[in-house]
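Structural overview
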Amino acid sequence: MSDPAVIPAALYGLRTWRPAADEQGERLVGAYDDTPWPDHGAWLEAVCTDPGTGDHAAPGARCGCGIHAWHPSASAARRVLAGRRDVAGIVEATGAAEVHEEGFRARRARPHALVCVPGRNRALLARLAERYDAELVEVSGPDAMAAWCRDRGLGLPEPVVDELLGTDRTASRRRRRRRDARGVAALLGIVAILLSLGFAFVNGPPSPNGVYGRTGWVTLPAKDCPPRGSDGSRAPADGPRAPASPSRETNALAGGRCP
């Protein structure tokens, strides 16, 4: 696998924040920590805090530091819009940025736009957008969010990402699809085995006497058994006989004979 590309260019990507509050009202903090994002168009500067990777500026090629964002695709839009309590939006990044197949890590960034879809708190998003000098974008869903970015030329096109990384993204997707298909096939196989074991357990072991169910042993009459009479008793071939006693009936069921 080739090393991720490091480029000194402005980038736009998708990410999420969490809403928080301070003395001035609502504000944005990091999605996975409480890092406050500067407001009114100021830049958030990334700093590496991992002591095990050495002293370096973010983003490091051998580190996970930097401000993370997804390339503006429909699948990335679905990710950032999945959490109803998160604030989804588009981030503008400058300085050194390390590009990966699905996104990038940047040295500095700021909110470029906040995204509102049906069912979200528009009033809250409008107040946050005003505080951060960001645009409020109202779209119908993930596909519309990706289309909004594409129409404005925001984000790196796939061919550019492939050229930067020196990889064949189509081949990578095929490998990922094959891996996912194998996983689904294995899961279906396990489910089939469990269903077979459950069916065998419920019905009990095979027996010439019949099958064992929730109500006990169930035995079908033998093919040569005489038909029942109007009172429910069996009649011998040469004439009527008295009904069998309960003990004889039970013994007949257990032995597989005509009840």
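Details of the structure are given in the entry above.
Keep in mind that this is a model prediction, so the values were computed, not measured.

1. Remarks on the overall build of the protein chain
Along the protein chain, the regular secondary structure elements total six helices and ten strands. Summarising the internal contacts of the protein chain: among those between residues at least 6 apart in sequence, 60% fall at separations of at least 24. When the accessible surface of the protein chain is summed, it comes to about 16,000 Å², and 57% of that surface belongs to carbon and sulfur atoms.

2. Things to note about the pattern of salt bridges
Applying the stated criterion across every chain yields a total of eleven salt bridges. Put simply, Arg79 and Glu102 hold a salt bridge, and the shortest N to O gap is 3.9 Å. Of the two residues, Arg79 sits in helix H1 (residues 74-81) while Glu102 sits in the loop between strand S6 (87-99) and strand S7 (103-116), which places them 23 residues apart along the sequence. On the basis of relative accessibility, which here comes to 38%, the residue Arg79 falls in the partly exposed class. With its nearest N and O atoms 2.1 Å apart, the salt bridge here joins Glu98 to Arg105. The pair Glu98 / Arg105 is uniform in exposure class, with both members buried. One continuous salt-bridge network, built from bridges that share partners, spans Asp22, Arg27, Asp39 and Arg131.

3. A word on helix H2 (residues 122-131)
Restricting attention to buried positions, one finds in H2 the residues Leu124, Leu125, Leu128, Ala129 and Arg131. Viewed end-on, H2 has its buried residues packed into an arc of 160°, placing them on one side of the element. At its buried positions, H2 is contacted by strand S2 (11-22), strand S3 (25-30), S6, S7 and strand S8 (135-138). In the segment just after H2, Asp133 is the residue with positive phi, at about 50°.

4. Here we look at the pairing of S6
Summarising burial for S6: twelve of the 13 residues are buried, a large majority. Relative to S6, S2 runs antiparallel, the two being bridged by seven bridges. Bridge pairing in S6 links Leu14 to Ile90. With nine bridges joining them, S6 and S7 adopt antiparallel strand pairing. Residue Thr94 lies in a different strand from S7, and its bridge partner there is Arg108. Between the end of S6 and the start of S7, which pair antiparallel, lie three residues.

5. Observations concerning the side chain of Glu92
For Glu92, the position within the fold is in strand S6. Leave out the neighbours within four places in its chain, and Glu92 touches Leu11, Tyr12, Trp43, Arg108, Ala109, Arg110 and His112.

6. Some points on the packing of H1 against helix H3 (residues 142-151)
Two elements in contact, H1 and H3, have axes whose closest approach is 8 Å; the angle formed by their N-to-C orientations is 120°. Considering the angle they form, H1 stands oblique to H3. Seen from above, H1 lies across H3 with right-handed handedness. Along its contact with H1, which presents Ala74, Ala77, Arg78, Val80 and Leu81, the element H3 presents Pro142, Asp143, Met145 and Ala146. In the contact of H1 with H3, the residues fall into seven nonpolar, no polar and two charged.

7. What about the environment of Val91?
As for its position among the elements, Val91 is in strand S6. Assessed through its relative accessible area of 1%, Val91 is described here as buried. Between the C-alpha atoms of Val91 and Leu154, which are 63 residues apart in sequence, the distance is 9.9 Å. Every residue in contact with Val91, bar those within four places of it in the chain, is listed here: Leu11, Tyr12, Gly13, Arg15, Trp17, Trp37, Ala69, Ala109, Arg110 and His112.

8. Observations regarding unusual backbone geometry
Backbone torsion omega between Ala58 and Pro59 reads 0°, so that peptide bond is classified as cis. Along the chain, Pro59 falls in the loop between strand S4 (44-45) and strand S5 (67-70). Of note, His40 is a non-glycine position whose phi angle comes to about 55°, a positive value. For Asp133, which is not a glycine, the phi torsion comes out positive at approximately 50°. With respect to the helices, strands and loops of the structure, Asp133 is situated in the loop between H2 and S8. For Asp133, a relative accessible area of 53% puts it in the exposed group.

Here is what the cut-offs are and how they apply
- Residues numbered from 1 in each chain as written.
- Predicted model: local features only at pLDDT ≥ 70, side-chain atom pairs only at ≥ 80, totals over all residues.
- Heavy atoms only, no water.
- Helix = DSSP H or I, 4+ residues; strand = E, 2+ residues; numbered from the N terminus.
- Contact = heavy atoms within 4.5 Å.
- Areas by Shrake-Rupley, 256 points an atom, 1.4 Å probe, with all protein chains shown as cover.
- Salt bridge = Lys/Arg side-chain N within 4 Å of Asp/Glu carboxyl O.
- Buried < 20%, exposed > 50% of the residue type's maximum accessible area, 1.4 Å probe, protein only.
- Arc of directions from axis to C-beta.
- Pairing = 2+ DSSP bridges.
- Axes fitted to C-alpha atoms, helices over the stretch in contact; angles between N-to-C directions.
- Parallel < 35°, antiparallel > 145°, perpendicular 65-115°, else oblique.
- Left-handed = near helix turned anticlockwise from the far one by under 90°.
- Nonpolar A, V, L, I, M, F, W, Y, C, P; charged D, E, K, R; others polar.

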